[in-house]
Amino acid sequence: MIRAIIIDDEFNAVKNLKWEIESFCSDIEVCDTFTNPVEAISAINYLKPDCVFLDIEMPEMDGFQLLERLTFRGFDLIITSAYDNYAIKAFKEHAVDYLLKPIDSEDLLKAVDRVRENQKRNVLGNQLKNIIKSYVPEKKFSRLALPTLGKTIFVNFEDIIYCKSNGSYTEVHLNTNSMEMLSKKLKEVEAQTNDSFFRVHNSYLVNLHYVKEYVKNEGPYLVLTTGETIPISRAKKNELLQVLNS
């Protein structure tokens, strides 16, 4: 079933369109109707319908203003109006059709056919994406790009000992006894790394291959193969121990 919402400030217009849909479009379920556009905004964002029949001329808020305030726009839009001077603007809003009131049954059926075709394409498109995803593994890079002044350095993950937060920047400490400053926050760097890295502290992201000791006293903290010590936050302690012992 294709789930639809009708929005029109005129009660009779809502009633008539609902009757037309229920009488001639058996695969369309009118899940809700509204004469108040403000209430309709919350309902669309919550219900996430497949299709919305939207009147343009409404006193409290016109249809285009309603569209601007939506956070969910993953539906097929059918504009309804007693006037034809909104057609161009309607299609700029990616409406699948523009129905003039009083709505003709044949015009309604043609509009609904477009919605059906769009729904089929969306379903097939999602199915194809899932099939491709199941056969083609997501590509993961084993290097981190470090944009520096005038160039970008590509560093292998195994060459990174740890990363340290420095305000809006991140210090990337390498096994070549060097450090590169990256103009990204630590959480952005963390999202680009692999399972070898663990966020042991708000300020530290460590490559576990360089961990030599876990010291539970006075901290706790890690001792790296380089002799450097890295603090461990209490919130991360148990999770880190599970990872290190796995």
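Not measured: the values here are computed from a predicted model.

Before we move on, can you summarise the layout of surface pockets with the specific residues and values?
Of the pockets and cavities examined, the second largest pocket occupies roughly 170 Å³. Along the walls of the second largest pocket sit 14 residues, with Ala13, Asn16, Leu17, Lys101 and Ile103 positioned nearest its centre. Looking at the lining of the second largest pocket, the elements with two or more residues in it are strand E1 (2–7), helix H1 (11–24) and strand E3 (51–55). In terms of residue count, H1 provides more of the lining of the second largest pocket than any other element does, five residues in total. Split into classes, the residues belonging to the lining of the second largest pocket amount to nine nonpolar, two polar and three charged.

Got a sec to walk through the packing of aromatic side chains? Specific residues and values, please.
Centre-to-centre distance and the angle between the planes together describe a pair of aromatic rings. For the structure on display, the rule yields four aromatic pairs. Ring plane angle 85° and centroid distance 6.1 Å describe the contact between Trp19 and Phe24, whose orientation is recorded as edge-to-face. When the centroid spacing of 6.1 Å and the interplanar angle of 45° are considered together, the rings of Phe72 and Phe75 count as tilted. By the burial criterion, Phe72 is buried, and Phe75 matches it.

Describe the nonpolar core, naming the residues involved and giving the relevant values.
In terms of nonpolar packing, the biggest core is built from 22 residues, with Ile7, Ile44, Leu54, Leu66 and Phe75 touching the most fellow members. If you list the elements that add at least two residues to this core, you get E1, helix H2 (37–47), E3, helix H3 (63–68), strand E4 (76–81) and strand E5 (95–100). With four residues, the single largest contributor to this core is H2. For Ile7, the residues in contact, after removing those within four places along its chain, are Phe34, Ala40, Ile44, Val52, Phe53, Leu54, Asp55, Met58 and Leu66. Listed in part, the 19 residues of the second largest apolar core include Val14, Val96, Ile103 and Val112.

Account for the side chain of Asp55, naming residues and giving values.
Tracing the backbone shows Asp55 in strand E3. Accessibility expressed as a relative area gives 2% for Asp55, which makes it buried. For Asp55, the side chain forms a polar contact with the side chain of Lys101, separated by 3.3 Å. Excluding residues within four positions of it along the chain, Asp55 makes contact with Ile7, Asp8, Asp9, Gly63, Thr80, Ser81 and Lys101.

Account for the sheet that holds strand E14 (residues 221–224), naming residues and giving values.
Strand order in the open sheet made by the three strands is E13-E14-E15, with antiparallel pairing throughout. For this open sheet the edge positions go to strand E13 (211–215) and strand E15 (229–231), each flanked by a neighbour on one side alone. Geometrically, the sheet is characterised by an average inter-axis angle of 25° between neighbouring strands, direction not taken into account. Bridge analysis of E14 against E15 gives three bridges, and the strand direction is antiparallel. Its bridge partner lying in E15, Tyr221 is registered against Pro231. Here helix H7 (residues 234–245) sits on the sheet in contact with E13 and E14, set at roughly 135° to E13.

Account for the pairing of E5, naming residues and giving values.
Summarising burial for E5: five of the six residues are buried, a large majority. Judged from the five bridges that link them, E4 and E5 form a sheet pairing that is parallel. Following the sheet pairing, Leu77 is matched in E5 by Ala95.

How would you sum up the pattern of salt bridges? Please name residues and give values.
Between side chains of opposite charge, a pair can form as their charged atoms come close. Evaluation of the coordinates by the stated rule reveals eight salt bridges. A salt bridge links Lys101 to Asp55; the nearest nitrogen and oxygen atoms lie 3.3 Å apart. Placement of the pair is Lys101 in the loop between E5 and helix H5 (105–135) and Asp55 in strand E3, with a sequence separation of 46 residues. A relative accessible area of 24% places Lys101 in the partly exposed class. Of the charged contacts, one joins Lys120 and Glu117 as a salt bridge, the two residues approaching to 3.9 Å between their closest N and O atoms.

So, unusual backbone geometry: which residues are in play, and what are the values?
Between Lys101 and the following residue, Pro102, the backbone shows a cis peptide bond with an omega angle of -10°. Topologically, Pro102 is positioned in the loop between E5 and H5. One non-glycine residue, Lys48, lies in positive phi territory at about 50°. Its location among the elements puts Lys48 in the loop between H2 and E3. Using a relative accessible area of 43% as the deciding quantity, one classes Lys48 as partly exposed. Within the chain, Asn177 stands out as a residue other than glycine whose phi angle is a positive 60°.

Here is what the cut-offs are and how they apply
Residues numbered from 1 in each chain as written. Predicted model: local features only at pLDDT ≥ 70, side-chain atom pairs only at ≥ 80, totals over all residues. Heavy atoms only, no water. 1 Å grid on protein atoms, 1.4 Å probe; cavity = no way out; pocket = protein on both sides within 12 Å on 5 of 7 lines; lining within 4 Å. Points joined across faces, edges and corners; volume = space filled by probe spheres on them. Helix = DSSP H or I, 4+ residues; strand = E, 2+ residues; numbered from the N terminus. Nonpolar A, V, L, I, M, F, W, Y, C, P; charged D, E, K, R; others polar. Phe/Tyr/Trp six-rings, centres within 6.5 Å; stacked < 30°, edge-to-face > 60°. Buried < 20%, exposed > 50% of the residue type's maximum accessible area, 1.4 Å probe, protein only. Core = buried A, V, L, I, M, F, W, Y, C linked by side-chain atoms within 4.5 Å. Contact = heavy atoms within 4.5 Å. Polar contact = N/O pair within 3.5 Å; in protein donor to acceptor, adjacent residues only side chain to side chain. Pairing = 2+ DSSP bridges. Axes fitted to C-alpha atoms, helices over the stretch in contact; angles between N-to-C directions. Salt bridge = Lys/Arg side-chain N within 4 Å of Asp/Glu carboxyl O.

The values are spatial; any link to function lies outside them.
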